[in-house]
Amino acid sequence: MAEDAPGRRRRRPVTRDGDGESGSAASDDPAASDDPAASDDPAADGEFGATDPRRLRRIRRGYDAWARVYDWFARATASVGGVRAACVDALALDPGDTVIEFGCGPGVNLPALRDAVGPSGRVVGVDISPRMLDRAAGLVERRGWENVSLVEADAERPPVAAADGVLATFVTSLFPDPYAVVRRWCDLADTVVLAAFVPEGNRLANAALRAFVALNGRLFDARTDDPLGRLADRTAAARRALDDHTGVRERRRRLLGTIVVEAGRDR
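Residues numbered from 1 in each chain as written. Predicted model: local features only at pLDDT ≥ 70, side-chain atom pairs only at ≥ 80, totals over all residues. Heavy atoms only, no water.

**A short note on the overall build of the protein**
Regarding its fold elements, the protein presents ten helices and eight strands. Out of the 267 residues in the protein, the part that is buried amounts to 51%. Excluding contacts between residues fewer than 6 apart, the proportion of contacts in the protein whose partners are at least 24 apart in sequence is 72%. Of the accessible surface of the protein, which amounts to about 12,200 Å², a share of 51% is contributed by carbon and sulfur atoms. (Helix = DSSP H or I, 4+ residues; strand = E, 2+ residues; numbered from the N terminus. Buried < 20%, exposed > 50% of the residue type's maximum accessible area, 1.4 Å probe, protein only. Contact = heavy atoms within 4.5 Å. Areas by Shrake-Rupley, 256 points an atom, 1.4 Å probe, with all protein chains shown as cover.)

Below is the structure:
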């Protein structure tokens, strides 16, 4: 369970799933231990157990450092381009469903996901950054949501066994092998929805995207002569995983073509 720093207000427990160097840690959060989505599949630590701990530490430090600013920015831009609404709509969730968000960050998508599944459903937010989860936990506490759980874990080794839907917004570009990660998500859920930056827009949009990737090059492992090419390759790999491992596919472009919402489902 996440520990509260000295002098801080007690918040809803956050389950930890290890730090990328050791295995999963057991949680004393009753909601998490009784969660039907909790995974005891050894494959979660098998194929994805070779995760580079240095990369995880780099990503964790980067997002921890910017958690407060990212929270403000994400909330301020939550409705821009209709991206987040399109993601939730593509999940096609019903009341009572269970949905997992990988890379939930400060919890910007949690209200819409919780509305979609209702009080009888279950929302599980997964993120590698403790600071991001701390902000998400504050939101969960303020709203008094009893059916929203947060897990500190690496999305390459999903700490869940099954779900009706999986959502990941702007996350797949962080993985060296997005195909393998998304394939694993497809095994977990009936529907997988991804939002990603893609260099498919106009020249002005691509210039802004290039600047964004350059500023965040360490997170994307994009310190190359062609950062947009690296980003495009990873987005394409995630798309291939959906193509190969889901039956029904949808694709929607947003914000001048620089963001694409991809949905794959088996129904």
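Alright, that's what it looks like, and here's the rest.
**With respect to helix H10 (residues 227–245)**
Taking 1.5 Å of rise per residue, the 19 residues of H10 would be expected to cover 27 Å, and the 28 Å separating its terminal C-alpha atoms lies within 8% of that figure. Of all the positions in H10, only Pro227, Leu228, Gly229, Leu231, Arg234, Thr235, Ala237, Ala238, Arg239, Ala241 and Leu242 are classed as buried. (Expected span 1.5 Å × (residues − 1).)

**A look at the pattern of salt bridges**
Between side chains of opposite charge, a pair can form when the charged atoms approach closely. Throughout the structure, instances matching the rule amount to seven salt bridges. Taking the shortest distance from any N to any O, the salt bridge between Asp243 and Arg249 comes out at 2.7 Å. Looking at Asp243, the relative accessible area reads 43%, which means it is partly exposed. A relative accessible area of 26% means that Arg249 is categorised as partly exposed. In this structure, Arg251 engages Glu262 in a salt bridge whose closest nitrogen and oxygen atoms are separated by 3.0 Å. (Salt bridge = Lys/Arg side-chain N within 4 Å of Asp/Glu carboxyl O.)

**Quick notes on the packing of aromatic side chains**
One pair of aromatic rings is described through two measures. These are the centre distance and the angle between the planes. Taken as a whole and judged by the stated rule, the model has three aromatic pairs. With centroids separated by 4.8 Å and ring planes inclined at 10°, the aromatic side chains of Phe102 and Trp185 adopt a geometry described as stacked. With Phe102 in strand S2 (residues 98–102) and Trp185 in helix H7 (residues 178–188), the pair connects residues that are 83 residues apart, well separated along the chain. Here Phe102 falls in the buried class, since its relative accessible area comes to 0%. Relative to Phe197, the ring of Phe170 has its centre 4.6 Å away and its plane inclined at 25°; by these criteria the two rings are stacked. (Phe/Tyr/Trp six-rings, centres within 6.5 Å; stacked < 30°, edge-to-face > 60°.)

**Details of helix H5 (residues 110–117)**
Along H5, the positions that sit buried rather than exposed are Leu110, Pro111, Leu113, Arg114 and Val117. Mapping the buried residues of H5 onto a view down its axis gives an arc of 165°, with all of them on the same face. Of the surrounding elements, those touching the buried residues of H5 are helix H4 (83–91), S2, strand S3 (122–127), helix H6 (130–143), strand S4 (148–152) and strand S5 (163–169). Looking at the residues trailing H5, positive phi occurs at Gly118, about 75°. (Arc of directions from axis to C-beta.)

**Points about unusual backbone geometry**
A positive phi angle, near 55°, is found at Ala92, a position not held by glycine. Take Ala92: it is sitting in the loop between H4 and S2.

**Describing the environment of Val192**
Looking at the element boundaries, Val192 is found in strand S6 (residues 189–197). Residue classification places Val192 among the buried positions, given a relative accessible area of 1%. Distance in space between the C-alpha atoms of Val192 and Arg265 is 6.3 Å, their sequence separation being 73 residues. Excluding its chain neighbours within four sequence positions, the residues that come into contact with Val192 are Val166, Trp185, Cys186, Leu242, Glu262, Ala263 and Gly264.

**Observations regarding the packing of H7 against H10**
Remark: H7 packs on H10, axes separated minimally by 8 Å, with the N-to-C direction vectors making an angle of 35°. Crossing geometry of H7 relative to H10 is assigned as right-handed. Counted together, Pro178, Tyr179, Val182, Arg183 and Cys186 of H7 and Arg234, Ala237, Ala238, Arg240, Ala241, Leu242, Asp244 and His245 of H10 form the full contact between these two elements. Residue composition of the contact of H7 with H10, grouped by class: eight nonpolar, one polar and four charged. (Axes fitted to C-alpha atoms, helices over the stretch in contact; angles between N-to-C directions. Left-handed = near helix turned anticlockwise from the far one by under 90°. Nonpolar A, V, L, I, M, F, W, Y, C, P; charged D, E, K, R; others polar.)

**Digging into the nonpolar core**
Counting residues in hydrophobic clusters, the biggest one holds 28 residues, and the most contacted among them are Leu110, Leu113, Leu150 and Val193. Broken down by element, this core gets its largest block of residues, six residues, from H4. Residues contacting Leu113, with those up to four places away along its chain left out, are Val88, Leu91, Leu93, Val99, Glu101, Val123 and Leu167. If you look at the next biggest cluster of nonpolar residues, it comprises 24 residues, including Ala153, Val166, Val182 and Ala189. (Core = buried A, V, L, I, M, F, W, Y, C linked by side-chain atoms within 4.5 Å.)

**Quick look at the confidence of the model for the protein**
Taken over all residues, the pLDDT of the protein has a mean of 75, while the share at 70 or more is 61%. Here residues 18–50 is modelled with pLDDT under 50, and outside its nearest four sequence neighbours on either side it reaches 60 contacts, counting other chains as well. (pLDDT = per-residue confidence, 0-100.)

**Comments concerning the side chain of Asp97**
Along the polypeptide, Asp97 turns up in the loop between H4 and S2. Owing to a relative accessible area of 10%, Asp97 belongs among the buried residues under this scheme. For Asp97, the side chain forms a polar contact with the main-chain nitrogen of Asp94, separated by 2.8 Å. (Polar contact = N/O pair within 3.5 Å; in protein donor to acceptor, adjacent residues only side chain to side chain.)

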